Amino acid sequence: MTWFDTVIRGGTVVAGGHSAPMDVGIRAGRVAALLAPGAPAAGQHELDATGLIVTPGGIDTHTHIDWPYDGTRTVDGALGASRAALLGGTTTVVDFVPPGEPGYDLRRACHDRADHLGSTIAIDFALHPILPDASRPVLDALPDVIADGFTSFKMYTTYQDRRVDDGAAWQLMNVIARHGGLPGFHAENHELLAATLHEQETLGRLGASDYPASRPALAEAEAIGMVALYARRIGTPVYIFHISGHEALAAVEAARRAGSDVFAETCTHYLVHDDSVFTGPDPWRYVISPPIRGDQDRLALWAAVRSGAVTTVGSDHCAYATTSKSARTDDHRHVPAGAPGIEARTPFLWSEGIHRHGFTPAEVVSASSERAARALQLDGKGRIAVGADADLVLWDPDARWAGSDLRRSSPDTFSLYDDGKGQGRPRHVLLRGEQVVADGELTDLPARGRFVARHARMTA
Ligand SMILES: [Zn+2]
């Protein structure tokens, strides 16, 4: 008889493109054995998974938890965000290190952010540092920052306060690549956006419903083409955050055909919504950049998520206070861009993927977890294999839910998903072997989330 801390019995394991009835033995927080159903094994805890589907925990590649902006912070806090994430089947997030003032200590900022989130978070997390410039202190800190496990980065090609120009992007990408890191971009051409916004200002068309027209898809396509070309010349992969529709997707695919190694991320809101939300109730809620686009864009993204052309799906979770998001809805320039959604990503991927877009459960798992772990080098995550972290979600494929049932990360924020409904919901969730959700309810949650330090890529 083999002994485990926990044995999950009677479920169907879906991972690595396969689906099979298997029992799972867990020891010391890791998967210790995959067993034939009913094989002799004993566990201190036994979890009945009859009728349930056992998958790796979800990985949200894009969150802004407890995020500083405009001299204040978003309202969720790491524990509130963790609770919403876990109930939605997400066990790991990749959040960001906010940029500092010119001359700031990048390495210090990275560790401060890891310590800050790590003190109260109940899920595992990695961090993408945001790089605001290619100044000497930033360039000089990069090798140590990468060696410390902060290996993927975000640069903005737009927003006056944090954009890097083309020369800075080129310099930063070279240094990141040389040390085995992964450069990533919020890719929208700054000058095109500025010209379009200027036109809107002239015409006085600045309401929330005018927002999508202020950021044309061409701006995304152009910037993606540029950074992908730089990446190809340097010989590094590049990660494109939050592509919003078919023009951005076409730019990614053209770059790949030309030989660029591009990881593309999209987000839940681009899959669930289309631009009709801007003529519906409370359109200010949907001010997110890049904008939510047309229905054909949405359908193209679903197909690309299924095929793998879109590598990852993040939530871009940013829990602004409802009062702050809705303060100036007559002028989209004063609506902070972004929305919460850490709770909705995996339930919508599962339900809409399987019931509307022809996904198998294995295809959902590939998109919600496995490809993220590979692209962002989260070793030990996104797998159900001996030695992997026992981050597991046991789905009830029959459970029906309404969007308004999904727990928000804070009562003071809003939702884009209240009107949705679906089928298939996490019933039990384990984080490194410990059951953190039981029968759809949170168990006691000490702050046991850990910072995941990642390894640099091998460089030539
Ligand atoms: Zn974001």
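Chains are numbered independently. Their residues run from 1 in the order of the written sequence. For this predicted model, a pLDDT threshold of at least 70 governs which residues receive local features, and a threshold of 80 or more governs which side-chain atom pairs are given and counted, while totals over whole chains, interfaces and linings are taken from all residues. Each side-chain value is derived from all of the structure's non-hydrogen atoms; neither hydrogens nor water enter the calculation.

Going by the annotation in an unreviewed UniProt entry, the name recorded for the protein is Amidohydrolase family protein, with Cellulomonas fimi given as the source organism. Listed under Cofactor (unreviewed entry) in UniProt, the entry text for the protein is "Zn(2+)". UniProt positions are given in the numbering used here, feature names are shortened, and annotations may be inferred rather than shown by experiment. What UniProt records for the protein under Sequence similarities (unreviewed entry) is the sentence "Belongs to the metallo-dependent hydrolases superfamily. Hydantoinase/dihydropyrimidinase family."

**Student:** Report on helix α4 (residues 166-178), specifying residues and quantitative values.
**Tutor:** Look at α4: 18 Å from first C-alpha to last across 13 residues, which is about the 18 Å you get at 1.5 Å a residue. Of the residues making up α4, those classed as buried are A168, A169, L172, M173, V175, I176 and A177. Here, residues are in contact when the closest pair of their heavy atoms is within 4.5 Å. By the criteria applied, helices consist of DSSP H or I runs no shorter than four residues and strands consist of E runs no shorter than two, each listed in order from the N terminus. Against the buried residues of α4 lie α3 (136-147), β13 (155-156), β14 (184-186), α6 (217-234) and β15 (238-240). Its side-chain oxygen 3.2 Å from the backbone nitrogen of G167, D165 forms the N-cap of α4. Just downstream of α4, G180 is the residue with a positive phi angle, here 85°. Under the convention used throughout, the expected extent of a helix is 1.5 Å for every residue step, that is, one less than its residue count. Three exposure classes are used, based on accessible area relative to the maximum for each residue type with a 1.4 Å probe and protein chains only: buried under 20%, partly exposed in between, and exposed over 50%. Polar contacts, as counted here, are pairs of nitrogen or oxygen atoms within 3.5 Å of one another; within protein the pair requires one atom able to donate a hydrogen and one able to accept it, and residues that are adjacent in sequence qualify only if both atoms are side-chain atoms.

**Student:** Give me the lowdown on the coordination of the zinc ion, citing residues and values where you can.
**Tutor:** For Na, K and Ca the donor cut-off is 3.2 Å, while for other metals it is 2.8 Å, and in both cases only N, O and S atoms qualify; water is not among them, so sites may look incomplete. Protein-derived ligands of the zinc ion are H62 (NE2), H64 (NE2) and D316 (OD), with the metal-ligand distances lying across 2.0 to 2.2 Å. Mapping the donors of the zinc ion onto the primary sequence yields the spacing H-x1-H-x251-D. Of this pair, H62 sits in the loop between β8 (58-60) and β9 (68-69) while D316 sits in the loop between β17 (312-314) and α10 (322-325), and the two are 254 residues apart along the sequence. When its relative accessible area of 8% is taken as the criterion, D316 is described as buried.

**Student:** Please set out the packing of helix α11 (residues 345-356) against helix α12 (residues 361-375) residue by residue, giving values where relevant.
**Tutor:** Where α11 meets α12, the axes come as close as 10 Å, and the angle between the chain directions of the two elements is 145°. Remark: the crossing between α11 and α12 carries right-handed chirality. For the pair α11 and α12, the contacting residues are R345, L349, W350 and I354 in the first and P361, V364 and S368 in the second. Only Asp, Glu, Lys and Arg are considered charged, only Ala, Val, Leu, Ile, Met, Phe, Trp, Tyr, Cys and Pro nonpolar, and every remaining residue, Gly among them, polar. Considered class by class, the residues forming the contact of α11 with α12 number 5 nonpolar, 1 polar and 1 charged. Note on method: axes are straight lines fitted to C-alpha atoms, helices fitted across the in-contact stretch only, with angles between N-to-C directions ranging 0 to 180 degrees. Each helix crossing is assigned a hand: it is left-handed if the near helix lies turned anticlockwise from the far helix by less than a right angle, otherwise right-handed if that turn is clockwise.

**Student:** So what's going on with the packing of aromatic side chains? Residues and values would help.
**Tutor:** Any Phe, Tyr or Trp ring, taking Trp's six-membered ring, that has another such ring centre within 6.5 Å forms a pair; planes under 30 degrees apart are called stacked, those over 60 apart edge-to-face, and the others tilted. This model, assessed by the stated rule, comprises 14 aromatic pairs. Ring centres 5.9 Å apart and planes at 65° place the aromatic pair Y156 and Y159 in the edge-to-face group. Judged by its relative accessible area of 5%, Y156 is buried. An angle of 75° between the planes, with centres 5.1 Å apart, marks the rings of F348 and W401 as edge-to-face. Separated by 53 residues along the polypeptide, F348 in helix α11 and W401 in strand β18 (residues 392-402) bring together distant segments of the chain.

**Student:** Mind laying out the UniProt feature "domain: Amidohydrolase-related" (unreviewed entry) in the protein, listing which residues take part and the relevant values?
**Tutor:** The UniProt feature table records "domain: Amidohydrolase-related" (unreviewed entry) at residues 53-410. Between the end C-alpha atoms of residues 53-410 the distance is 29 Å, and the span holds 40% helix and 15% strand.

**Student:** So what's going on with the side chain of D133? Residues and values would help.
**Tutor:** Of note, D133 is situated in the loop between β12 (124-129) and α3. A polar contact is formed between the side chain of D133 and the side chain of S135, at a distance of 2.6 Å. Excluding residues that lie within four positions of it along the chain, D133 makes contacts with P102, V138, V164 and L172.

**Student:** Lay out the domain arrangement of the protein in plain terms, naming residues and giving numbers.
**Tutor:** Where a domain begins and ends is set by an automatic assignment or by a domain database. Assigned domains of the protein: these are domain 1 (2-55 + 386-398 + 424-442) and domain 2 (56-375). Between domain 1 and domain 2 the total buried area reaches about 1600 Å² when both faces are included, carbon and sulfur atoms providing 70% of it. Ranking the residues of domain 1 by area buried against domain 2 places W395, L431 and L442 at the top, with a combined share of 29%. By definition here, a salt bridge exists when the distance from a side-chain nitrogen of Lys or Arg to a carboxyl oxygen of Asp or Glu is within 4 Å. The tally of links between domain 1 and domain 2 comes to 1 salt bridge. Throughout, the accessible surface (probe 1.4 Å) given up by two parts as they are put together, summed over both, is called the buried area.

**Student:** Please provide a residue-by-residue account of the nonpolar core, values included.
**Tutor:** Among the buried residues, those of types Ala, Val, Leu, Ile, Met, Phe, Trp, Tyr and Cys that are joined through side-chain atoms within 4.5 Å form a nonpolar core. L106, L131, L142, L172 and I243 are the most contacted members of the largest nonpolar core, which totals 122 residues. For this core, the element with the highest residue contribution is α6, accounting for 8 residues. The residues that make up this core include at least three from each of domain 1 (2-55 + 386-398 + 424-442) and domain 2 (56-375). In this structure I243 touches E220, I224, A248, L249, V252, A264, E265, T266, Y270, L301 and V310, once residues within four positions along its chain are discounted. Ranked by size, the runner-up nonpolar core spans 15 residues in total, among them V13, I26, A49 and V54.

**Student:** Now, about the packing of α6 against helix α7 (residues 246-257): what can you tell me, with residues and values included?
**Tutor:** Interaxial distance between α6 and α7 falls to 8 Å at its minimum, and their mutual angle equals 20°. Judged by the inter-axis angle, α6 sits roughly parallel to α7. Crossing geometry of α6 relative to α7 is assigned as right-handed. On α7, the residues touching A217, L218, E220, A221, I224, A228 and R232 of α6 are E247, A248, A251, V252 and A255. Per-class residue counts for the contact of α6 with α7 are 9 nonpolar, no polar and 3 charged. Angles below 35 degrees are treated as roughly parallel, those above 145 as roughly antiparallel, those between 65 and 115 as roughly perpendicular, and all remaining angles as oblique.

**Student:** Run through the environment of H246, naming residues and quoting values.
**Tutor:** Looking at the secondary structure, you find H246 in helix α7. Judged by relative accessible area, which is 41%, H246 ranks as partly exposed. Sequence-wise, H246 and T413 are 167 residues apart; in three dimensions their C-alpha atoms are separated by 30 Å. Among all residues touching H246, those that are not within four sequence positions of it are D297 and A300.

**Student:** Account for the sheet that holds strand β20 (residues 434-438), naming residues and giving values.
**Tutor:** In this scheme, strands are said to pair when DSSP sees at least two bridges between them. Ordered by their spatial adjacency, 7 strands build an open sheet running β3-β2-β7-β18-β19-β20-β21, and the pairing between neighbours is mixed. The sheet is open, and its two edges are formed by β3 (18-21) and β21 (441-442), each paired on a single side. Direction of pairing for strand β2 (residues 12-15) relative to β3: antiparallel, over a ladder of 4 bridges. Looking at the pairing, V14 lines up with S19 of β3.

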